[in-house]
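Residue-level structure breakdown
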Amino acid sequence: MNIIVSPHYDDAVLSLGNFINILLLNGEQVLVINLFTDCPPNLEALSPVAQLYLREDTGKEEITVNDALAMSNVRKQEDREALRLIGVKSIDINLYDAIYRGNPWYYPLEKDLFSGINDNETSYYKDIIKLLNRKGLIKKENTYYFPAGIGSHVDHIITLKVGLELMSFGYNCNFYQEFPYNYGSFEESNFDFSRLNFNQRIIDVVSDKKSKAIMCYVSQRQWLTKSLKEMNVSLWNYSEKIWTNIGGKYHAFK
Ligand SMILES: [Zn+2]
């Protein structure tokens, strides 16, 4: 089984939609695991960054906690539809998105999301591994695809650490470059894959299914358009990039 680990709802499709399609065409089994998909049900207030992102996602000026709950459901539905178009199954792990974590908030401002892991969460990746293990999702015969942490979003860095830790235990872990953070070279990665046993794989076959699937993420359209504009890049001629594990021992991270 190929397991694509997606920090948020859209990361798997945006970053690996064409690759997933290739795997499926080759008759391989693929499962997407969405990690940070939820907001707390008893949310009392919204951080400045949560308000900022929800304003962008909903198009509304005034945001309440109900909008956060509603948006979680909207994004779930959008992702279901996108993955249905690609033809891949998914599991939501229902962890809270970084913008909702901590009391007081661990990441109150947008810049905090991109400035490293909060002290309270430095071993969070270990809890996530235990949780995935309890759900039967950690198996030696699986091939994993984790985000490379491009762009340094804290949820992506934590997910990367899950992958690096599993790799140190001998699991087959590969790392993909996240779109739209990653437009550019392989060398922009947060982690130096080049000194380890990895090959660079570029997927430059564009599938119609990915294009259609991306259209499902209506709530993310404003953010995506803005990001693409900033990088002066088109979604349609973008090549997916993967660091492919070619074996060997790995202990560098601890
Ligand atoms: Zn993400």
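Just above sits the structure.
Residues numbered from 1 in each chain as written. Predicted model: local features only at pLDDT ≥ 70, side-chain atom pairs only at ≥ 80, totals over all residues.

**Thoughts on the overall build of the chain**
Along its length, the chain carries eight helices and seven strands. Over its C-alpha trace the chain gives a radius of gyration of 17 Å, about what one expects of a compact globule, namely 18 Å for 254 residues. Here the C-alpha coordinates of the chain stretch approximately 50 × 40 × 35 Å along the principal axes. Looking at the 254 residues of the chain, the share that counts as buried comes to 39%. Taking all contacts inside the chain whose residues are at least 6 apart in sequence as the whole, residues at least 24 apart take part in 81%. (Helix = DSSP H or I, 4+ residues; strand = E, 2+ residues; numbered from the N terminus. Rg over C-alpha atoms; globule rule 2.2 N^0.38 Å. Buried ≥ 20, exposed ≤ 12 C-beta atoms within 10 Å, placed from the backbone. Contact = placed C-beta atoms within 7 Å.)

**Looking at the sheet that holds strand 2 (residues 30-38)**
With mixed pairing, seven strands are arranged side by side in an open sheet as 3-2-1-4-5-7-6. What marks the edges here is a single partner per strand, and that holds for strand 3 (89-96) and strand 6 (198-203). The average angle at which neighbouring strand axes cross in this sheet is 25°, direction not considered. For strand 6 and strand 7 (residues 240-245), the ladder comprises six bridges, and the chain directions are antiparallel. By the bridge assignment for strand 7, Arg201 is matched with Ile242. The sheet strands contacting helix 6 (residues 154-168) are strand 1 (2-6), strand 2, strand 4 (143-147) and strand 5 (172-176), and the helix crosses strand 4 at an angle near 150°. (Pairing = 2+ DSSP bridges. Axes fitted to C-alpha atoms, helices over the stretch in contact; angles between N-to-C directions.)

**Observations concerning unusual backbone geometry**
With an omega of 5°, the peptide bond running from Asn103 to Pro104 counts as cis. Within the element layout of this structure, Pro104 appears in the loop between strand 3 and helix 4 (110-113). The backbone phi angle of Asn94 is positive, close to 65°, even though this residue is not glycine. Tracing the backbone through its elements, the reader meets Asn94 in strand 3. On the basis of neighbour counts, which here come to 13 C-beta atoms within 10 Å, the residue Asn94 falls in the partly exposed class. Non-glycine residue Ser152 carries a positive phi angle of around 65°.

**Points about the packing of helix 2 (residues 48-58) against helix 3 (residues 65-86)**
Two numbers describe how helix 2 lies on helix 3: the axes approach to 10 Å, and their chain directions differ by 55°. Classified by the angle their axes make, helix 2 and helix 3 are oblique. Helix 2 and helix 3 meet at a crossing whose hand is left-handed. In contact with Ala50, Leu54, Asp57 and Thr58 of helix 2, helix 3 contributes Asp67, Ala68 and Met71. Considered class by class, the residues forming the contact of helix 2 with helix 3 number four nonpolar, one polar and two charged. (Parallel < 35°, antiparallel > 145°, perpendicular 65-115°, else oblique. Left-handed = near helix turned anticlockwise from the far one by under 90°. Nonpolar A, V, L, I, M, F, W, Y, C, P; charged D, E, K, R; others polar.)

**What about helix 1 (residues 11-25)?**
Taking 1.5 Å per residue, 15 residues should reach 21 Å; helix 1 reaches 21 Å between its end C-alpha atoms and fits that length. The largest bend along helix 1 measures about 75° and falls at Gly17. Counting buried residues in helix 1 gives eleven out of 15 residues, a clear majority hidden from the surface. Within helix 1, the full set of buried residues consists of Asp11, Ala12, Val13, Leu14, Ser15, Leu16, Gly17, Asn18, Phe19, Ile20 and Asn21. One or two residues past the end of helix 1 sits Gly27, with phi positive at roughly 80°. (Expected span 1.5 Å × (residues − 1). Bend = angle between axes of the 7 residues up to and from the residue.)

**Describing the pairing of strand 1**
Burial of strand 1 is extensive: five of the five residues sit out of reach of the surface. Side chains of strand 1 alternate between two faces, with Asn2, Ile4 and Ser6 and Ile3 and Val5 buried alike. Judged from the three bridges that link them, strand 1 and strand 4 form a sheet pairing that is parallel. The residue bridging Asn2 from the neighbouring strand is Thr143, located in strand 4.

**What about the packing of helix 5 (residues 124-134) against helix 6?**
Orientation of helix 5 relative to helix 6, taken along the N-to-C sense of each, is 65°, at an axis distance of 9 Å. The angle between helix 5 and helix 6 places the two elements in the roughly perpendicular class. When you trace helix 5 past helix 6, the crossing you get is right-handed. Here Tyr124, Tyr125, Ile128 and Ile129 of helix 5 lie close against helix 6, whose contacting residues are Ile158, Lys161, Val162, Glu165 and Leu166. The class makeup of the residues in the contact of helix 5 with helix 6 is seven nonpolar, no polar and two charged.

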